Amino acid sequence: MTVCIFGATDSPCTANSILKRTADDNRNDFDPTTLRTLRRNFYVGDVLRAVSTSEAAIKLSKQLTELCARGGFNLTKFLSNDRKVLAEIPVEKRATPSLDLDLDELPVNRALGIRWNIEINMFGFKVLDLNKPNPMRGMLSTIASVFDPLNFAAPVMLTAKQIIQALWRCRIPWDQPISEEILTKWEKWKSNLHFLKEINVPRCYFSRLDTEGVKLQLNHFCDASEVGYGTASYLRIEYVDGFTECAFVIGKSRNAPIKTVSIPRLELQGALLAARMGSTIRKELDF
């Protein structure tokens with residue numbers, strides 16, 4: 001074989017190993033930032049990397065393109081919230097080749113599946129068609145249409161998960177009509193879902209460009225009740241002049257098990273979830 005087969009179980013692993021081999025084979029010709037980006041910031045076919053200046057982004061894009069080319073990879077469809085960076089990218093390699101950098105607003109696109117308004121540098125939501133059948137099959141399809149890997153909307157989605165869990169408890173078949181009581185709750189939840197379109201979350205944790213000497217803390221909040229448990233993680237940033245701000249990093253919510261569990265045990269489950277999220281965040285953030 002000369003290519004990775006799309007859909008094969010081992011293809012993502014093979015593709016990532018080849019990327020890392022490309023970095024190893026060319027480690028003497030490129031700077032550490034470029035090599036680290038190739039090793040750590042690729043997600044199968046996409047790369048996502050943030051740098052502090054336009055000059056650093058331009059240099060990284062050029063070096064990364066050359067490095068990938070040495071491994072046989074054509075890096076293309078570039079996005080950036082900085083017009084100076086996009087201006088240095090060949091038109092045919094931009095995600096939107098027809099974009100006029102002098103006149104047009106930067107588009108709304110997706111970064112690893114998350115809706116990204118590039119012009120204002122915010123993450124947001126797009127609510128798809130909600131006019132789906134109301135049996136459980138249609139309900140699950142509606143819930144799955146809200147792609148939210150960082151759990152910005154966890155408090156909203158937990159209510160929908162509770163409705164689905166109630167159906168599981170009643171052992172309702174996939175396509176059987178739903179009882180009036182549960183259907184009323186579902187319709188009320190669905191009627192408010194379009195408000196997610198009004199939520200924007202800053203992509204950058206820092207509101208200031210100068211982050212030299214900042215003090216960083218990770219704060220994890222967890223809680224539980226008889227219906228569910230969860231955690232929310234925040235980055236507390238203290239600048240050199242004493243100014244302090246907090247940025248949401250990630251959340252996670254889960255239904256309480258169908259089998260009855262005591263509140264103290266659920267509280268411990270929430271604490272365990274917070275500890276696991278903390279470990280993941282410390283590994284993934286380059287701070």
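Residues numbered from 1 in each chain as written. Predicted model: local features only at pLDDT ≥ 70, side-chain atom pairs only at ≥ 80, totals over all residues. Heavy atoms only, no water.

Draft legend 1. Seen up close, the overall build of the protein. Each helix and strand counted, the protein has eight helices and nine strands in total. Projecting the C-alpha coordinates of the protein onto the three principal axes gives extents of approximately 65 × 50 × 45 Å. Taking all 287 residues of the protein together, the buried fraction comes to 35%. Summing over all exposed atoms, the protein offers an accessible surface of approximately 17,900 Å²; the carbon and sulfur share of this is 54%. (Helix = DSSP H or I, 4+ residues; strand = E, 2+ residues; numbered from the N terminus. Buried < 20%, exposed > 50% of the residue type's maximum accessible area, 1.4 Å probe, protein only. Areas by Shrake-Rupley, 256 points an atom, 1.4 Å probe, with all protein chains shown as cover.)

Draft legend 2. Quick peek at the sheet that holds strand β6 (residues 201-202). Read from one edge to the other, the open sheet built from four strands follows the order β3-β4-β5-β6, with strand pairing classed as antiparallel. Because the sheet does not close on itself, it has two edges, and the strands there are β3 (108-111) and β6. Note: strand β4 (residues 114-117) against strand β5 (residues 122-124), three bridges, orientation antiparallel. Each residue of the ladder has a partner; that of N117, found in β5, is M122. (Pairing = 2+ DSSP bridges.)

Draft legend 3. Representation of the packing of aromatic side chains. For the coordinates displayed, the defined rule picks out nine aromatic pairs. Ring pairing ties together the aromatic residues F123, F152, F221, Y234 and F248, which thus form one cluster. Over the face of the ring belonging to Y239 we find R208, whose NZ or CZ atom lies 4.9 Å from the ring centre. (Phe/Tyr/Trp six-rings, centres within 6.5 Å; stacked < 30°, edge-to-face > 60°. Lys NZ or Arg CZ within 6 Å of the ring centre and 35° of its normal.)

Draft legend 4. Seen up close, the environment of N16. Residue placement: N16 occurs in helix α1 (residues 11-25). Note: C-alpha distance between N16 and F42 (26 residues apart in sequence) is 7.9 Å. Those residues in contact with N16 that sit more than four places away from it in its chain are F42 and V44. (Contact = heavy atoms within 4.5 Å.)

Draft legend 5. Quick peek at the nonpolar core. I143, L167, W186, W189, L193 and L196 are the most contacted members of the largest nonpolar core, which has 20 residues in total. Of all the secondary-structure elements, those providing two or more residues to this core are α5 (136-144), α6 (154-169) and α7 (180-192). The biggest single contributor to this core is α6, with five residues. In terms of nonpolar packing, the next biggest core, distinct from the first, is built from 12 residues, L19, A23, C68 and F78 among them. (Core = buried A, V, L, I, M, F, W, Y, C linked by side-chain atoms within 4.5 Å.)

Draft legend 6. Layout of the side chain of T231. With respect to the secondary-structure elements, T231 resides in strand β8 (residues 228-238). Polar contacts involving the side chain of T231 include one to the main-chain carbonyl oxygen of F221, which spans 3.1 Å. (Polar contact = N/O pair within 3.5 Å; in protein donor to acceptor, adjacent residues only side chain to side chain.)

Draft legend 7. Focus on the layout of surface pockets. Roughly 380 Å³ of internal volume is contained in the second largest pocket. In terms of lining, the second largest pocket is formed by 18 residues, of which the most central are T159, Q162, I163, A166 and K185. Those elements giving two or more residues to the lining of the second largest pocket turn out to be α6 and α7. Ranked by the residues each element gives to the lining of the second largest pocket, the list is headed by α6, at seven residues. Tallied by class, residues from the lining of the second largest pocket come to nine nonpolar, four polar and five charged. (1 Å grid on protein atoms, 1.4 Å probe; cavity = no way out; pocket = protein on both sides within 12 Å on 5 of 7 lines; lining within 4 Å. Points joined across faces, edges and corners; volume = space filled by probe spheres on them. Nonpolar A, V, L, I, M, F, W, Y, C, P; charged D, E, K, R; others polar.)

Draft legend 8. Representation of the packing of α6 against α7. Close contact between α6 and α7 brings their axes to 11 Å; oriented N to C, the two are set at 160°. Looking at the two axes, α6 sits roughly antiparallel to α7. Regarding α6 and α7, the two cross each other, and that crossing is left-handed. Residues V156, M157, T159, A160, I163, A166 and L167 of α6 lie in contact with α7, whose contacting residues are I182, K185, W186 and W189. Classifying every residue of the contact of α6 with α7 by side-chain character gives nine nonpolar, one polar and one charged. (Axes fitted to C-alpha atoms, helices over the stretch in contact; angles between N-to-C directions. Parallel < 35°, antiparallel > 145°, perpendicular 65-115°, else oblique. Left-handed = near helix turned anticlockwise from the far one by under 90°.)

Draft legend 9. Broad picture of the environment of R39. The topology assignment puts R39 in helix α2 (residues 32-40). Spatially, the C-alpha atoms of R39 and E245 are 31 Å apart, while their sequence positions differ by 206 residues. Apart from residues no more than four positions distant in its own chain, R39 is found in contact with K20, A23 and D24. In terms of polar contacts, R39 uses its side chain to reach the side chain of D24, at 2.9 Å.

Draft legend 10. Spatial organisation of the pairing of β4. Where burial is concerned, the two faces of β4 differ: the one with I114 and W116 is buried and the one with R115 and N117 is not. If you look at the hairpin formed by β4 and β5, you'll find four residues sitting between the two strands, and N121 has a positive phi there, around 55°.

Note that every value here comes from positions in space, so none of it alone points to a role or purpose.
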